[in-house]
Amino acid sequence: MATMLILFGLLISLLVSIDAQVGVCYGRDGDGLPSQQDVVNLYRRNGITRMRIYDPDQATLRALKGTNIELIIGVPNDALQSLNDQGAANTWVRNNIQNYPDVRFKYIAVGNEVDPNNGNSRYVNFVLPAMRNVQNAITAAGLRNQIKVSTATYTGLLGVSYPPSNGAFRNNVRGFIEPIIRFLAGNNSPMLANIYPYFSNPNSNLPYALFTAPGTVVTDPNNGLRYSNIFDAMLDAHYAAQASLGGGNVQIVVSESGWPSAGGNAATVGNAGTYYRNLIRHVRGTTGTPAKPGRSIETYLFAMFDENKKPGEESEKHFGIFSPDQRPKYQLSFN
């Protein structure tokens, strides 16, 4: 009996270790970036075992063959309308999933940060039909139990985020997001959520944003839960918002989180390195969040490289953990 208990404990430890692996998002919106094969080699040299890509780039998929790197593959927003046709979704899955049996696909992110209130509002009506059609194609291909179909949302959909237990989606977002949440619940799929403490006015309390606060910063008055970092507060607000729309059991995978090294307030190499190191330590542990304790948090760092062609504010160009010449900006451990 003692031997069995020891073996069981070792198995649980192994499963926790596997769960706790941290991924890195691989964007290609920059000049002078390494080839896709060199990038995959860089992942492997650094022990990075999970990757997110934003479109079905064939060179990247070829480079991933046989590597055992788990992958989130994205359907770009401008492709969503085409996948409202079941035949087109079948073709997409055949060309980008079934043709790569040696790639470890984990999730398909059907759209990224589609929101009735931002520049992606024109895609709102296409997300759920595309998700359903991709799910149908995955099921027909016999891959339903291997690959989960989801979409990537973000904190901007929340109208209320404080206190975390009051988390709620904006009124004009609920009609869009509720059927997506129910789709995820019905298919036992996670929600992908991009969570950025950097964009939460970190100068108001930088230690709270960087995981360096010495103790409790916020106590939720509804339940007494204590928060020492805003990442947990943002994540729990997402969970509360989902629960109110039928998604109480829908897990959240943090599909992006990062900190820029230049280009904005508090955007320094020192702050970014502190954030990435502490984020990795936090999500790989089993502390979880105050509302969802006792678990690791599957998380993808944004991003592998600085991307000088990214649109938007200057800070958007400086989220890389590696420079384009493959030198690390920070000393991070993924093992």
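Nothing here was measured: the structure is a model prediction, and the numbers come from that model.

**Thoughts on the pairing of strand β2 (residues 50–53)**
In β2, alternate side chains face the same way, and those of R50 and R52 on one face and M51 and I53 on the other are all buried. Pairing between strand β1 (residues 23–25) and β2: 2 bridges, direction parallel. The residue of β2 that forms the bridge with C25 is R52. Handedness of the crossover is the feature at issue here: the chain leaves β1, passes through helix α2 (residues 36–45), returns alongside β2, and the resulting connection is right-handed. Bridging between β2 and strand β3 (residues 70–75) involves 4 bridges; their strand directions are parallel. Looking across to β3, one finds that R52 is bridged to I72. Handedness of the β-α-β unit built from β2, helix α3 (residues 58–64) and β3 comes out right-handed.

**Some details on the pattern of salt bridges**
Counted according to the given criterion, the structure contains 11 salt bridges. A salt bridge links R28 to D57, with the nearest nitrogen and oxygen atoms 3.6 Å apart. With R28 in the loop between β1 and α2 and D57 in the loop between β2 and α3, the pair connects residues that are 29 residues apart, well separated along the chain. On the accessibility criterion, R28 (33% relative accessible area) is partly exposed. The exposure class assigned to D57 is buried, which follows from its relative accessible area of 13%. Between K329 and D306 there is a salt bridge, with the nearest N and O atoms lying 2.9 Å from each other. Of this pair, K329 sits in the segment after β12 (299–301) while D306 sits in the segment after β12; the two residues are 23 residues apart in sequence, bridging distant segments of the chain. Via salt bridges that share partners, R50, E70, R104, K106 and E298 belong to a single interconnected network.

**Here we look at helix α8 (residues 230–243)**
Here α8 spans 20 Å end to end across 14 residues, near enough to the 20 Å set by a 1.5 Å rise per residue. Most of α8 sits out of view: 13 of its 14 residues are buried. Residue N229 occupies the N-cap position of α8, its side-chain oxygen lying 3.2 Å from the main-chain nitrogen of F231.

What counts and what doesn't
- Counting restarts for each chain, with residues numbered from 1 along the sequence as it is written.
- Only residues with pLDDT of 70 or above have their local features reported here, since the model is predicted, and side-chain atom pairs are shown and tallied only from 80 upward, although totals for entire chains, interfaces and linings are computed over all residues.
- In computing side-chain values, all of the structure's heavy atoms are included and hydrogens and water are not.
- Think of it in three bands: with a 1.4 Å probe and only protein chains considered, a residue is buried below 20% of the maximum accessible area for its type, exposed above 50%, and partly exposed in between.
- Each helix is a run of H or I in the DSSP string that is no shorter than four residues. Each strand is a run of E no shorter than two, and both are numbered from the N terminus.
- Here a strand pair is declared whenever DSSP counts at least two bridges between the two strands.
- Look down the strands so they point away from you; if going from the first strand over the helix to the second traces a clockwise path, that crossover is right-handed.
- Counted as salt bridges are all cases of a side-chain nitrogen of Lys or Arg within 4 Å of a carboxyl oxygen of Asp or Glu.
- Multiply 1.5 Å by the residue count of a helix minus one, and that product is the helix's expected span.
- Pairs of N or O atoms are called polar contacts if they sit within 3.5 Å, as long as, within protein, a hydrogen donor faces a hydrogen acceptor (for residues adjacent in sequence, only side-chain-to-side-chain pairs).

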